[in-house]
Amino acid sequence: MGGVPPLGYDVQNRRLVLNTKEVKLVRHIFNRFVELGSTTKLAKELALDGETTKSWTTQGGKVREGKPIDKGQIYKMIGNRIYLGEIHHQDKWYPAEHLPIIDREVWESVQSILSTNRHTRGNLTRSTTPFLLKGIVFGSDGRALTPWHSTKRTSGKRYRYYLPMRDIKEHAGASGLPRIPAAELESAVLDQLRATLRAPELLADILPAASKLDSSLDEAQVTVAMTRLDVIWEQLFPAEQTRIVKLLVEKVIVSPNDIEVRLRANGIERLALELRPERAESTREAALA
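Since the model is a prediction, treat every value here as computed from it, not as a measurement.

Novice: Explain the pattern of salt bridges to me, using residue names and the numbers behind them.
Specialist: Summed over all chains, the structure comprises 12 salt bridges. Notably, a salt bridge pairs Arg 143 with Glu 170, separated by 3.9 Å at the nearest N-O pair. Residue Arg 143 is found in the loop between strand S7 (137-139) and strand S8 (145-151), and its partner Glu 170 is found in the loop between helix H6 (165-169) and strand S10 (180-181); the two are separated by 27 residues along the sequence. Assessed through its relative accessible area of 33%, Arg 143 is described here as partly exposed.

Novice: Describe the pairing of strand S12 (residues 258-263), naming the residues involved and giving the relevant values.
Specialist: As paired strands, strand S11 (residues 249-255) and S12 are joined by six bridges and run antiparallel to one another. Bridge assignment links Val 254 to a residue of S12, and that residue is Ile 259. Between S11 and S12, which follow one another and run antiparallel, lie two residues.

Novice: Just give me the short version of the sheet that holds S11, but keep the residues and values in it.
Specialist: Across a sheet, paired strands are connected by hydrogen bonds in the backbone, their directions being either parallel or antiparallel. Ordered in space as S7-S11-S12, the three strands form an open sheet in which the pairing is mixed. Taken across any chain shown, the strands that pair with only one partner, and hence form the sheet edges, are S7 and S12. Looking at each pair of strands side by side, their axes are set apart by 25 degrees on average, direction ignored. Pairing geometry for S7 and S11, over three bridges, is parallel. Among the inter-strand pairings, Phe 138 is bridged to a residue of S11, identified as Ile 253. Against the sheet, helix H10 (residues 238-248) touches S11 and S12, its axis set at about 90 degrees to S11.

Novice: Talk me through unusual backbone geometry; I want residue IDs and the actual numbers.
Specialist: Here the phi dihedral of Asn 13 falls at roughly 55 degrees; this positive angle occurs in a residue that is not glycine. Within the element layout of this structure, Asn 13 appears in the loop between strand S1 (9-12) and strand S2 (15-18). Despite not being glycine, Arg 14 has its phi angle at roughly 65 degrees, a positive value. As for its position among the elements, Arg 14 is in the loop between S1 and S2.

Novice: Explain the packing of helix H1 (residues 20-36) against helix H4 (residues 104-115) to me, using residue names and the numbers behind them.
Specialist: Relative to each other, H1 and H4 sit at 45 degrees, their axes nearing to 9 Å. Classed by the angle they form, the pair H1 and H4 counts as oblique. Taken as a pair, H1 and H4 cross one another with a handedness that is left-handed. Residue-level inspection shows Phe 30, Asn 31, Phe 33 and Val 34 of H1 in contact with H4, the latter providing Val 106, Trp 107, Ser 109, Val 110, Ile 113 and Leu 114.

Parameters and conventions
- Residues numbered from 1 in each chain as written.
- Predicted model: local features only at pLDDT ≥ 70, side-chain atom pairs only at ≥ 80, totals over all residues.
- Heavy atoms only, no water.
- Salt bridge = Lys/Arg side-chain N within 4 Å of Asp/Glu carboxyl O.
- Helix = DSSP H or I, 4+ residues; strand = E, 2+ residues; numbered from the N terminus.
- Buried < 20%, exposed > 50% of the residue type's maximum accessible area, 1.4 Å probe, protein only.
- Pairing = 2+ DSSP bridges.
- Axes fitted to C-alpha atoms, helices over the stretch in contact; angles between N-to-C directions.
- Contact = heavy atoms within 4.5 Å.
- Parallel < 35°, antiparallel > 145°, perpendicular 65-115°, else oblique.
- Left-handed = near helix turned anticlockwise from the far one by under 90°.

So, in structure tokens, the structure goes:
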């Protein structure tokens, strides 16, 4: 056995042996794929859990850290018969001496899903882009801004906006605000959120409140949770992004020259509880039990 061993195995005396910790992750990936039927959704869940590919040490002693598990790596894993206890030789698979990780029933379920037309499965995972700030964005006069969209006839391209309700009910310009491109407003709010979560001085204020929610939370866990969101944000489904924004933000107030983001009481602390690795691990073990 040369090269990097598959996730779930280590190499001892040129033979594959089980890596107990990684075995749990491999089984979770196979079982969860059967439940979701989507590598896209599964990759996003694994990113949220902070799971990575195999970390290993070269013969020269160099440590190679694992990387986030993407769709391509999931496809390779769930199509790899090594996990059935087989070995590949000259374009054929043969029974091997190493122990299997996946049983035949789970394997067949996975392959059945993979044999389904990819286009059909892809349609199940697509969703329209939601309005991230729906229900929480207001003008400085206290009146809500409502989601709005238009579609260009020639190209079919869709444009998203937030429009002041006052302009809709009275007349254009009554609010003093323009028609605001949704992507620009949402990006500005997210930039403020990320800057807030990265602020080291915020930790001293958050930690006492987080400890009241869960006494097991310590400074390191809260710090990791605050930084993880910035790392995994782009890999989350739109619906999950919307849920997290509304967990953190009570109200966004837009004026002609400014955007104010008001955070919810205990919002960051509750996010820390959700994103800590221990919670993700216990959730996965419960699902596999």
